[in-house]
Amino acid sequence: KVIHYKCRGGVYQRGGDNKIRRVEVDDRDLSWLIVPKEEYRPQIFTTKSVMLDSKTQKKPVWADYDVGTKELQAAKWNSFDNLDGSRIDRRSYECKYKLETLNGTSVPLNPKGRTGLKGRGALGRWGPNHAADPIVTRWQPGKKRGEKRVLEFIAIQRRDTGEWAIPGGMVDPGEQVNVTLRREFGEEAMASLEVPPEERARIQQNVDELFRKGGDMIYKGYVDDPRNTDNAWMETDAYNFHDENGNSVAKFKLHAGDDATGVQWMAITKDIRLYASHAHFVQTVARKREAAMT
Ligand code: RP5
Ligand code: MG
Ligand code: MG
């Protein structure tokens, strides 16, 4: 079971110049059912870019309204919700989450417990923010350790924290997960902006081919993401797309794009360090495929 660590303690990584500090939460004070020894009074923080701009009266389509608005007061928690003409999935994979009152409005409570920060932080939605993670794998070329081979996956380097990660992204309202998986992989790991049109078509064909069969389901649920707060958190659908013989994806030319600043094939080891709880997801794939994990 994933219990969160990366969304506890220290300065909130995506707080910009605001230097937002999380209240320290001990393991034994994680649960909402426990009354902590010291009074629990975290700051409330939501980054400007996900809120309604007071001048333009606009906000990003993927973001919610803030506390105190009639739109948020009318939100349908733990179910599908129609907002601004799109269908938002506000259900959690984990459980039926509870609510708390924040500045007079009911908002969701993180099912994994306290994080030391309230508000949405850098996340667009209150409650679950649904993402999809494509784990694209091949066997490490030319290497064999005893009987077992080493599995590699396509990792991207994130612009926000500089950490290596799975090239995942947010599921748009109403979007099928398999579409998100393909789209995010294309944007972050196989960007075709700078390649000539002939090659672009070939790249797209390769990616289509890989994603057509649908991958193997690896994980559905909570992600220990550093952006999580008491009231907003990441959840994901992680799927594995594997190139057994090394003659399809294994040959792709990778191009980092969108929010990625680097891309590479990376060996899955037992002490691999990745963004959020991505190490856990890729190690699950390696174990399933009976790869060597050194
Ligand atoms: C992670 O955030 C998920 O596992 C997914 O990889 C990612 C989606 O967010 P963005 O990449 O769009 O920031 O927790
Ligand atoms: Mg993306
Ligand atoms: Mg992404």
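Just so it is clear, the structure is predicted and the values come from calculations on it, not from any experiment.

Visitor: Describe the packing of aromatic side chains, and please don't skip the residues or the numbers.
Guide: In this structure the tally under the stated criterion is 6 aromatic pairs. Taking 5.9 Å as the distance between ring centres and 70° as the angle between the ring planes, the aromatic pair formed by Tyr12 and Phe45 counts as edge-to-face. Of this pair, Tyr12 sits in the segment before β1 (44–46) while Phe45 is found in strand β1, placing the two residues 33 residues apart along the sequence. With a centroid separation of 4.3 Å and an interplanar angle of 45°, the aromatic rings of Phe211 and Phe241 are classed as tilted. Of this pair, Phe211 sits in helix α3 (residues 197–212) while Phe241 sits in strand β12 (residues 232–243), and the two are 30 residues apart along the sequence. Clustering of aromatic rings is evident, with ring pairs tying together Phe185, Phe211 and Phe241. Arg149 extends its terminal NZ or CZ atom over the ring of Trp139, reaching a point 4.2 Å from the ring centre. Over the ring of Tyr275 we find Arg158, and its NZ or CZ is 4.2 Å from the ring centre.

Visitor: An account of helix α4 (residues 278–288) is requested, with residue identities and associated values reported.
Guide: Along α4, 8 of the 11 residues are buried, which leaves the element largely enclosed by surrounding structure. Considered for burial, the residues of α4 that qualify are His278, Ala279, Phe281, Val282, Gln283, Thr284, Val285 and Ala286. Looking at the buried positions of α4, the neighbouring elements they touch are β7 (127–139), β8 (151–158), β9 (164–165), β11 (216–223) and β12. Two residues or fewer past α4, Glu290 is found with a positive phi of approximately 55°.

Visitor: Tell me about the coordination of the magnesium ion (ligand 2), and please be specific about residues and values.
Guide: The protein atoms that coordinate the magnesium ion (ligand 2) are Glu184 (OE) and Glu188 (OE), at distances of 2.1 to 2.3 Å. A separation of 3.4 Å is found between the magnesium ion (ligand 2) and the magnesium ion (ligand 3), both of which receive a donor from Glu188. Taken together, the positions of Glu184 and Glu188, both in helix α2 (residues 177–189) and 4 residues apart, correspond to about one turn of that helix. Residue Glu188 is classed as buried on the basis of its relative accessible area of 5%.

Visitor: So what's going on with unusual backbone geometry? Which residues, and what values?
Guide: Positive phi, normally seen in glycine, also occurs at Gln57, with a value near 55°. Owing to a relative accessible area of 52%, Gln57 belongs among the exposed residues under this scheme. Positioned with a positive phi, Asn103 is a non-glycine residue whose angle comes to about 45°. Along the chain, Asn103 turns up in the loop between β4 (99–102) and β5 (105–108). Taking the relative accessible area as the measure of exposure, Asn103 reaches 58% and is therefore exposed.

Visitor: Which residues make up the pairing of strand β2 (residues 80–83), and what values do they have?
Guide: The side-chain alternation of β2 yields one buried face, formed by Asp81 and Leu83, and one unburied face, formed by Phe80 and Asn82. Linkage of β2 to strand β3 (residues 86–89), two consecutive antiparallel strands, is achieved through a turn of 2 residues, within which Asp84 is found at a positive phi near 50°.

Visitor: For the site of ligand 1, give the residues involved together with the corresponding values.
Guide: With respect to spatial proximity, the complete set of residues near ligand 1 consists of Ala131, Asp133, Arg158, Gly168, Gly169, Met170, Val223, Asp225, Arg227, Met234 and His278. Contact distances for ligand 1 include 2.8 Å between an oxygen atom and a side-chain N or O atom of Arg227. Taking 360 Å² as the accessible area of ligand 1 by itself, protein coverage stands at 93%. Among the elements of the structure, β7 and β10 (169–170) are those that each provide at least two residues to the shell around ligand 1. Considered class by class, the residues forming the shell around ligand 1 number 4 nonpolar, 3 polar and 4 charged.

Definitions and limits used
Residues numbered from 1 in each chain as written. Chains lettered and ligands numbered in written order. Predicted model: local features only at pLDDT ≥ 70, side-chain atom pairs only at ≥ 80, totals over all residues. Heavy atoms only, no water. Phe/Tyr/Trp six-rings, centres within 6.5 Å; stacked < 30°, edge-to-face > 60°. Helix = DSSP H or I, 4+ residues; strand = E, 2+ residues; numbered from the N terminus. Lys NZ or Arg CZ within 6 Å of the ring centre and 35° of its normal. Buried < 20%, exposed > 50% of the residue type's maximum accessible area, 1.4 Å probe, protein only. Contact = heavy atoms within 4.5 Å. Donors = N, O, S within 2.8 Å, 3.2 Å for Na, K, Ca; no water. Pairing = 2+ DSSP bridges. Near = heavy atom within 4 Å. Polar contact = N/O pair within 3.5 Å; in protein donor to acceptor, adjacent residues only side chain to side chain. Areas by Shrake-Rupley, 256 points an atom, 1.4 Å probe, with all protein chains shown as cover. Nonpolar A, V, L, I, M, F, W, Y, C, P; charged D, E, K, R; others polar.

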